[in-house]
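Geometric and topological summary
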Amino acid sequence: MAVLKYLTGYPEPLVAQVSDLLAQGKLGPWLQQRYPDLHEVRSDRQLYDYTQDMKDRYLRKSVPLNKVCYDNTLEVIKHALGTHTAISRVHGGRLKASREIRIATVFRQAPAAFLRMIVVHELAHLREADHNKAFYQLCQHMEPDYLQLEFDTRLYLTELANRGQR
């Protein structure tokens, strides 16, 4: 059985099912049928607007975002799908903080639901730094199907990794 790095921590019977689907070549078609619609958010500006709209809807009183962009180095260097950073700089006599969200470039041409899940995840970090119960409650408030989308995103990444090995 191939190592399924995106599914570590999941129960062995579930990982075995995914491995069987991969071996039979059925995981890709299943994901395509379940998530047929790709999003139209291609540029960094569109991604910023998309993220800001979601932030305005659910986290109106949180800190402002200075930058949102696709980052082609994320998956390779940090083994992350998205990051949220707060950068503090001395600007004159003041301390200036800026908040950035970076999304892995692999999501530039992905199903719309997966991009939404990643953006929800990174926006939740504006309020909750850790992946704790409050963090996941906030994610589910913004996206009620968050937990299923997170798992399906892992399946999508597993399928992409499998295609790269062929």
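Residues numbered from 1 in each chain as written. Predicted model: local features only at pLDDT ≥ 70, side-chain atom pairs only at ≥ 80, totals over all residues. Heavy atoms only, no water.

So, on to the packing of helix α3 (residues 44–58) against helix α5 (residues 112–124). Contact geometry of α3 with α5 gives a least axis separation of 10 Å together with a crossing angle of 60 degrees. Considered as vectors, α3 and α5 are oriented oblique to each other. Handedness of the crossing formed by α3 with α5: right-handed. Residues Leu 47, Tyr 50, Thr 51, Met 54 and Lys 55 of α3 lie in contact with α5, whose contacting residues are Ala 112, Leu 115, Arg 116, Val 119, Val 120 and Leu 123. Its residues assigned to classes, the contact of α3 with α5 comprises eight nonpolar, one polar and two charged. (Axes fitted to C-alpha atoms, helices over the stretch in contact; angles between N-to-C directions. Helix = DSSP H or I, 4+ residues; strand = E, 2+ residues; numbered from the N terminus. Parallel < 35°, antiparallel > 145°, perpendicular 65-115°, else oblique. Left-handed = near helix turned anticlockwise from the far one by under 90°. Contact = heavy atoms within 4.5 Å. Nonpolar A, V, L, I, M, F, W, Y, C, P; charged D, E, K, R; others polar.)

Let us now look at α5. A rise of 1.5 Å per residue sets the reference length of α5, with its 13 residues, at 18 Å; its end C-alpha atoms lie 18 Å apart and thus fit the reference within 8%. The element α5 is largely enclosed, with a buried count of eleven among its 13 residues. Listed as buried for α5 are Ala 113, Phe 114, Leu 115, Met 117, Ile 118, Val 119, Val 120, His 121, Glu 122, Leu 123 and Ala 124. (Expected span 1.5 Å × (residues − 1). Buried < 20%, exposed > 50% of the residue type's maximum accessible area, 1.4 Å probe, protein only.)

So, about the packing of aromatic side chains. Here the structure, examined in full by the defined rule, presents five aromatic pairs. Ring geometry for Phe 135 versus Tyr 136: centroids 5.1 Å apart, planes at 90 degrees, classification edge-to-face. The exposure class of Phe 135 is buried, given its relative accessible area of 0%. An aromatic cluster is built from Tyr 35, Phe 114 and Tyr 156, whose rings are joined through pairwise contacts. (Phe/Tyr/Trp six-rings, centres within 6.5 Å; stacked < 30°, edge-to-face > 60°.)

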